[in-house]
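Below, each chain spelled out in residue letters.
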Amino acid sequence: DQQVKQNSPSLSVQEGRISILNCDYTNSMFDYFLWYKKYPAEGPTFLISISSIKDKNEDGRFTVFLNKSAKHLSLHIVPSQPGDSAVYFCAADGTDKLIFGTGTRLQVFP
Amino acid sequence: SAVISQKPSRDICQRGTSLTIQCQVDSQVTMMFWYRQQPGQSLTLIATANQGSEATYESGFVIDKFPISRPNLTFSTLTVSNMSPEDSSIYLCSVGTLNTEAFFGQGTRLTVV
């Protein structure tokens, strides 16, 4: 039972354009969500988060949108840069643990 | 923030053997977490390790297979016991409190042959 889903395993975007990574969840009790970025041979690093009391949180080039009624969140990266190429995980703050999606591999090409 | 040193970074092991992964944090933390990421899968929590008490294992993971030590507030080990090829994964330790960002070690890439 996958409570957090990232249905797109990969995404390819041209440099300078917008990258949109999507995440869906099933448990309406989740009230805090996080995005992590993972480079090969490294552990995930925190990117941005959002509380369910908000529908948007912005940090530089990264913006996360939350649609509670649809149980959907998305990460927007604009403009995309080649250094953004990585695997992105969304996570939900469960009762006593983080629940991760399967990740989306983003490739930003020149 | 926290800096986490995890080792080994990778290993190739024979089936039937055991491997112990170490996780050292540069500050005292109450909760440490061990995750597994199998190829093409999400990060899956194995167990939560709190100092002074036995680790709490998630469904599908047992102490005999993944014994964990937490001797103090800055260190933990995870042992993968009696390994089989199905144990080939990336293993990650993590620290953090709930409802905030978590910090991860660089991971241990384990290949069982």
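Computed from a prediction, not measured in an experiment: that's the story for all the values here.

Draft legend 1. Expanded view of the confidence of the model for chain B. Summarising the model, chain B shows a mean pLDDT of 90, and 96% of its residues fall at 70 or more. Taken element by element, chain B is modelled with least confidence in strand β10 (residues 103-104) of chain B, mean pLDDT 86, and with most confidence in strand β3 (residues 19-25) of chain B, mean pLDDT 97.

Draft legend 2. Spotlight on the sheet that holds strand β8 (residues 72-77) of chain A. One open sheet accounts for 5 strands, arranged β1-β3-β8-β7-β6 (chain A); its pairing is antiparallel. Both edges of this open sheet fall to β1 (4-5) and β6 (56-59) of chain A, since each of them pairs with a single strand only.

Draft legend 3. Fine view of the interface of chain A and chain B. Taken together, the contact between chain A and chain B spans 19 residues of the former and 18 residues of the latter. Taken together, the two surfaces of chain A and chain B that pack against each other cover about 1,500 Å², and 58% of this comes from carbon and sulfur. Of all residues in chain A, Pro44(A), Lys97(A) and Phe100(A) give up the largest surface area on contact with chain B, accounting jointly for 28% of the area buried on that side. Between chain A and chain B we count 0 salt bridges in total. Counting every contact that joins chain A to chain B gives 2 residue pairs in polar contact (both at pLDDT 80 or more). Secondary-structure elements contributing two or more residues to the side of chain A that touches chain B are β4 (32-38), β9 (86-93) and β10 (98-100) of chain A. Of the residues in the side of chain A that touches chain B, the class split is 9 nonpolar, 5 polar and 5 charged.

Draft legend 4. Expanded view of the packing of aromatic side chains. All chains considered together, the criterion is met by 12 aromatic pairs over all chains. Consider the rings of Phe30(A) and Phe33(A), whose centres lie 6.5 Å apart with planes at 85 degrees: the pair is edge-to-face. Each member of the pair Phe30(A) and Phe33(A) is classed as buried. Ring centres of Phe100(A) and Tyr35(B) lie 5.5 Å apart, and the angle between their planes is 90 degrees; on these two criteria the pair is classed as edge-to-face. Placement of Phe100(A) in strand β10 and of Tyr35(B) in strand β4 (residues 31-37) is noted, with the two residues assigned to different chains.

Draft legend 5. Expanded view of the state of the cysteines. All names here are of chain A. All chains considered together, the criterion is met by 2 disulfides over all chains. There is a disulfide in this structure between Cys-23 and Cys-90, and the S-S distance comes to 1.9 Å. Negative torsions about the S-S bond denote left-handed disulfides, and the value of about 65 degrees found for Cys-23 with Cys-90 makes this one right-handed. Remark: Cys-90 occurs in strand β9 and Cys-23 occurs in strand β3 (residues 19-25); sequence separation between them is 67 residues.

Draft legend 6. Summary view of the side chain of Ser80(A). All names here are of chain A. Assignment of secondary structure puts Ser-80 in the loop between β8 and β9. Among the polar contacts made by the side chain of Ser-80, one reaches the main-chain carbonyl oxygen of Arg-17 at a distance of 2.7 Å. Leave out the neighbours within four places in its chain, and Ser-80 touches Val-13, Gln-14, Glu-15, Gly-16, Arg-17, Ile-18, Ser-19, Arg-61 and Val-108.

Draft legend 7. Representation of the environment of Arg70(B) in the model. Residues and elements named next belong to chain B. Mapped onto the fold, Arg-70 is located in strand β7 (residues 68-72). Overall, Arg-70 belongs to the buried group, its relative accessible area being 9%. Each C-alpha atom of the pair Arg-70 and Gln-51 lies 5.3 Å from the other, and the pair is 19 residues apart in sequence. At 2.9 Å, the side chain of Arg-70 forms a polar contact with the backbone oxygen of Thr-30. From its side chain, Arg-70 meets the backbone oxygen of Leu-73 in a polar contact 3.1 Å long.

Draft legend 8. Fine view of the side chain of Thr77(B). All names here are of chain B. Within the secondary structure, Thr-77 is located in strand β8 (residues 75-80). For Thr-77, a relative accessible area of 11% corresponds to the buried category. Of note is the side chain of Thr-77, whose polar atom sits 2.6 Å from the side chain of Ser-69. With sequence-adjacent residues up to four places away left out, Thr-77 is seen in contact with Thr-20, Ile-21, Gln-22, Trp-34, Pro-67, Ile-68 and Ser-69.

Cut-offs and rules
- Residues numbered from 1 in each chain as written.
- Chains lettered and ligands numbered in written order.
- Predicted model: local features only at pLDDT ≥ 70, side-chain atom pairs only at ≥ 80, totals over all residues.
- Heavy atoms only, no water.
- pLDDT = per-residue confidence, 0-100.
- Helix = DSSP H or I, 4+ residues; strand = E, 2+ residues; numbered from the N terminus.
- Pairing = 2+ DSSP bridges.
- Contact = heavy atoms within 4.5 Å.
- Buried area = accessible area lost by both parts, 1.4 Å probe.
- Salt bridge = Lys/Arg side-chain N within 4 Å of Asp/Glu carboxyl O.
- Polar contact = N/O pair within 3.5 Å; in protein donor to acceptor, adjacent residues only side chain to side chain.
- Nonpolar A, V, L, I, M, F, W, Y, C, P; charged D, E, K, R; others polar.
- Phe/Tyr/Trp six-rings, centres within 6.5 Å; stacked < 30°, edge-to-face > 60°.
- Buried < 20%, exposed > 50% of the residue type's maximum accessible area, 1.4 Å probe, protein only.
- Disulfide = S-S within 2.5 Å.

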